[in-house]
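# Overview (structure and organization)
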Amino acid sequence: MTSSDVTTETAPHSGGKRETRPGRGLLKAVGIGAAVLALLFAGSRLSLLPGLDDFFGEETHDRSGPAVLKSIQDMSTYEAASGNFQVVVDLEKDAKFLPDAVRGTRTLFVGAGTVGASVDLGKVGEKGVVVNDDRTAAEIRLPHAALGKPALDPDRSYAVSKQRGLLDRLGDLFSDNPSSEQAVNQLAVRHIGEAAKESGLTARAEKNTADMLKGLLSSLGFERVTVRYGDDRG
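Reference entry: report on the structure contained in this document. Bear in mind that the values here come from a model prediction, so they are computed numbers and not experimental data.

### Considerations on the nonpolar core
Of all hydrophobic cores here, the largest spans 28 residues; its most connected members are Val89, Val115, Leu142, Ala205, Leu217, Val227 and Tyr229. Looking at this core, the elements with two or more residues in it are strand S3 (77-94), strand S4 (104-120), strand S6 (137-142), helix H4 (178-197), helix H5 (201-219) and strand S10 (224-229). Sort the elements by how many residues they give to this core and S3 lands first, with six residues. Sequence-distant contacts of Ala205, defined by excluding residues within four places in its chain, comprise Ala80, Ala81, Ala117, Val119 and Ala145.

### Some details on the pattern of salt bridges
This structure, assessed with the given rule, holds five salt bridges. Two residues, Arg141 and Glu139, come together in a salt bridge whose shortest N-O distance is 3.5 Å. In this structure Glu139 comes out as partly exposed when scored by relative accessible area, which is 30%. Taking the shortest distance from any N to any O, the salt bridge between Arg228 and Glu139 comes out at 3.3 Å. On the criterion of sequence distance, the pair formed by Arg228 in strand S10 and Glu139 in strand S6 is long-range, its members being 89 residues apart. Each of Glu139, Arg141 and Arg228 takes part in salt bridges that share partners, so that together they form one network.

### What about H5?
Spanning 19 residues, H5 covers 27 Å between terminal C-alpha atoms, matching the ideal 27 Å at 1.5 Å per step. Of all the residues in H5, the buried ones are Leu201, Ala205, Glu206, Thr209, Ala210, Leu213 and Leu217. Within two residues after H5, Gly221 carries a phi angle of roughly 105°, on the positive side.

### Quick look at the side chain of Glu206
Along the chain, Glu206 turns up in helix H5. In this structure Glu206 is buried but unpaired, with Arg141 as the nearest side chain of opposite charge at 11 Å. Within the structure, the side chain of Glu206 is placed 3.0 Å from the backbone nitrogen of Ala145, a separation counted as a polar contact. If we ignore the near neighbours within four places in the chain, the residues touching Glu206 are His144, Ala145 and Tyr229.

About the cut-offs
Each chain carries its own residue numbering, running from 1 in the written order of its sequence. Reporting of local features is limited, given that this is a predicted model, to residues whose pLDDT is at least 70; pairs of side-chain atoms are given and counted only at 80 or more, and all residues count toward the totals for whole chains, interfaces and linings. Heavy atoms from the whole structure form the basis of all side-chain values; hydrogens and water molecules are not counted. For the purposes of this section, nonpolar cores are sets of buried Ala, Val, Leu, Ile, Met, Phe, Trp, Tyr and Cys residues that join through side-chain atoms within 4.5 Å. Only protein chains enter the accessibility calculation, which uses a 1.4 Å probe. A residue is then buried if its area is under 20% of the maximum for its type, exposed if over 50%, and partly exposed in between. Only DSSP runs of H or I reaching four residues or more are called helices, and only runs of E reaching two or more are called strands; each is numbered from the N terminus. Pairs of residues are marked as contacts when any of their non-hydrogen atoms sit within 4.5 Å. By convention in these notes, a salt bridge is any Lys or Arg side-chain nitrogen within 4 Å of a carboxyl oxygen on Asp or Glu. Any helix carries an expected span of 1.5 Å times its number of residues minus one. Neither His nor the chain ends is counted toward charge; the positive residues are Lys and Arg and the negative residues Asp and Glu. Any pair of nitrogen or oxygen atoms within 3.5 Å is treated as a polar contact; in protein, a donor-acceptor pairing is required on top of that, and neighbouring residues in sequence qualify only through side-chain atoms on both sides.

Coordinates in, geometry out; function isn't part of it.
Dropping the structure here:
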């Protein structure tokens, strides 16, 4: 500690008893620290004041490297149907023994995405296609259609509002918290996937696949084309 950090003074009424008081250097350091915290907090609120965004505006520079091809996979599936879904996610996280104003978050998020339904034609075996002798009739047995993974569209998904407690706001000033956005994204994908299962999308895909094959084989001269799925013997 330097001599500028602490000064020693003698109080006239203390009978010579010496007491220490913080010097100018320590007070200056505390003042600078408080000013930095105030600027950090104010920086997150600049967008609320008109005209300051232009002065303190941000520039975006994309310094990403080129995308690298990791693998190629041959596809044998026919995607016969696709559904567009939208869900409103209301995710709230509370802390035990603390009010929401102190610790806790609540996020309202609109998630939009698509789910495809396809039939894997590559699983059709040798006995999956039966043609009569004069090649006028054909019977094709296919596996049932399956749903693909939900794909969240970032251009149509957005956060409506986000409420945070005081401690969460202070924590965001010093560190990023990408896990909060990841949580609502995962929740939106899960709800979209559940909605796709109840939407009848696979039945639509099977019908579209059957229509496609019937049209293709009819153009090749087949007069009767029958398409069955799974163990359906009807």
